[in-house]
Amino acid sequence: MTFPSSPGVARLQALIRAQERAQSSRLLAASITGALVSAGAIALLGLSGWFITAAALAGAAGPAAVQFFNYLIPSATIRFLAIVRTGSRYGERVTGHEAALKALAALRPQLFEGLARGPARRALSLAGGEASARLVQDVDAVQDRFVRLSAPWSAGAGLAAGVGLAALAGWGAALAVALAAVVGVVLGLVLGRRLAEPAGRRLQEAVGAFKTDFAALAAAAPELQAYGMKDWAVDRLARQGGAVEAAAEALARAGGWLMAAQTLAMALGVAGAALAAGPASPPLTALAMLAAVATVESAGNLLNAFRQNGAVAAAVQRLGALLEAAPSVEAAAPVAPSLHLTTPDLRLAPPQCLAIVGRSGAGKTTLVERMMHLREPLPGEIRLGEADAATLSPDAARALFAYAPQQAVLMAGTVRENLRLAAPSADDAQLWAALEDAGLAERIRAAPSGLGVALGENGARLSGGERRRLGLARAYLRPAPWLVLDEPTEGLDPATEALVLERLTLRLQRTGQGLILISHRPAPLALCDQALAVTGIAADGRIRARVQPIRVAA
């Protein structure tokens, strides 16, 4: 199977090949047992046909012939072949799927790392449902590639066994069986490429689009209900579901054509073997005919792989897009925490506190996201330490900042799990201290499980203000020289806001961190030494801003 060339697809193929090497012993065992399944099944069917026909002829010949007919050896051989086939089938399934699951267990984290460490614009362009579809659905499709690696070995062993058995009835019968198998594979390859691959691609893409829309509409369910848009949402999902159903039907039709091709090849093989084995005894003729059926059938896994090729190819392309190479940057080295904005000429270092103000949409959040490489910084716009931020690696830049965004995203886990995203090794005492500084400790202590209380999807069991303060506590746990807070008190009542700001002041004095604060509220701005007024984004993408006294900003 070939894929359109791109850096991301090439990287993914390299990862897949590395996993194939890592799982080579299991894949080899799956291939050997798969070959034994095919050879055993063909030998079993052929011998059974010979045995039944020979036994019938012996019975028709009279009691004397029955007495001399040796049925013990064939029946024992049939029992042995049945055991070999069953045991080999079990071994093939266990080793093949074990190899696939272990490979994918290693592949998923690498794909997620590629998404997390790649260019920020790519991560920002992926909706939640689309990211989930790629990391779950597309990776599952790649699993089929590992499971089907034994298919050529099974088909090859089946062909060898079938031709060998048919040769007992004459070389003409063996040639007929071989030709039938070749016809079946060629027809499967042609139909797979013409019908199954395009349908598989469409199905993979349609399911991804459906999941993306479903995730977006589910997140907006309260608004859709409030504005009476439920029917519109249902119709939209129905259209997406219709596209999935149409693609699935096309793939099923392609599978039907593949089965028809296999049946045609079987018929040709049976007829050819019967005609070519004319002079042979009836038991051997029956053996050759059944060998033809089993030989063509042994290529079934190979034909199924042809049917799945389109889905696998689409999955590889979509996953490869997550691994597109990031822009080359200088080596990540420790960076001094000083901050220099070139327009205007503003230099800062901890423990200074800067307020970033301006109308909504002016570019305040864009500016801080460029500082942290959450968006790509423009060359010459921001300097961190002595380096242009655009030349630093994302890891080097982000190490300087602890960030509480305006809309903090919370996992559907516990309070403890959400806080430890910022400090995986933090103990409970540190978590409680951060919650105290965020003014949320009392609320969490009142919960039955404390730090172990489940928050629900995106913190659904917390109020908006509580989610904001949990995001604030998470930022407090990250040991960085700069604390970046985007509207940290928005939505809080005056008393809670005063408590949060009082504890923030004490925390800054205690830690010596610098503060970069975005806010429209006067109370938080009072914490800052000076203000940067953002007035918009220029045509070349640079942030327009000017420094002004904090009292003017407030």
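The name an unreviewed UniProt entry gives the protein chain is ATP-binding cassette domain-containing protein, with Brevundimonas naejangsanensis as the organism. A UniProt comment under Subcellular location (unreviewed entry) is attached to the protein chain, and it reads "Cell membrane".

**Notes on the overall build of the protein chain**
Along its length, the protein chain carries 21 helices and ten strands. On C-alpha atoms alone, the protein chain measures out to a radius of gyration of 34 Å, which is more than a quarter above the 24 Å that the 2.2 N^0.38 rule sets for 554 residues. Taken over the C-alpha atoms alone, the protein chain extends approximately 115 × 55 × 50 Å along its principal axes. Of all 554 residues assigned to the protein chain, the portion counted as buried reaches 47%. Put simply, 76% of the contacts in the protein chain that link residues at least 6 apart link residues at least 24 apart.

**Quick notes on the sheet that holds strand β7 (residues 482-486)**
Overall, mixed pairing links the six strands, which are arranged β6-β7-β8-β3-β9-β10 in an open sheet. Every interior strand has two partners, whereas the edge strands, β6 (401-404) and β10 (543-548), have only one. For this sheet, the mean inter-axis angle between neighbouring strands, taken without regard to orientation, is 20°. Its contacts with the sheet place helix α13 (residues 364-371) against β3 (353-357), β6, β7, β8 (514-518), β9 (530-537) and β10, and it is angled at close to 145° to β8. Against the sheet, helix α18 (residues 464-476) contacts β6 and β7, and its axis sits at roughly 175° relative to β6.

**Focus: the packing of α18 against helix α19 (residues 494-511)**
Relative orientation of the contacting elements α18 and α19 amounts to 5°, with a least axis distance of 13 Å. Relative to α19, the element α18 is oriented roughly parallel. When α18 is examined against α19, the residues Arg469, Leu472 and Tyr476 are found in contact with a partner set consisting of Thr496, Val500, Leu504 and Arg507. Residues belonging to the contact of α18 with α19 are distributed by class as follows: four nonpolar, one polar and two charged.

**Remarks on the sheet that holds strand β1 (residues 339-341)**
The sheet built from four strands is open, its strands ordered β2-β1-β4-β5 with antiparallel pairing. Looking at which strands have only one partner, the edges of the open sheet turn out to be β2 (346-348) and β5 (387-388). Pairing analysis gives three bridges linking β1 to β2, with the strands arranged antiparallel. Bridge pairing links His340 to Arg347 in β2. Its contacts with the sheet place α13 against β1 and β4 (382-384), and it is angled at close to 40° to β4.

**Digging into the UniProt feature "transmembrane region" (unreviewed entry) in the protein chain**
The UniProt entry lists residues 27-45, 146-167, 173-192 and 257-278 under the feature "transmembrane region" (unreviewed entry), expressed in the numbering used here. The straight-line gap between the two end C-alpha atoms of residues 146-167 is 34 Å; of that span, 82% is helix and 0% is strand. For residues 173-192, helix accounts for 100% and strand for 0%, while the C-alpha atoms at its two ends are 28 Å apart.

Cut-offs applied
Residues numbered from 1 in each chain as written. Predicted model: local features only at pLDDT ≥ 70, side-chain atom pairs only at ≥ 80, totals over all residues. Heavy atoms only, no water. UniProt positions renumbered as here; feature names shortened; annotations may be inferred. Helix = DSSP H or I, 4+ residues; strand = E, 2+ residues; numbered from the N terminus. Rg over C-alpha atoms; globule rule 2.2 N^0.38 Å. Buried < 20%, exposed > 50% of the residue type's maximum accessible area, 1.4 Å probe, protein only. Contact = heavy atoms within 4.5 Å. Pairing = 2+ DSSP bridges. Axes fitted to C-alpha atoms, helices over the stretch in contact; angles between N-to-C directions. Parallel < 35°, antiparallel > 145°, perpendicular 65-115°, else oblique. Nonpolar A, V, L, I, M, F, W, Y, C, P; charged D, E, K, R; others polar.

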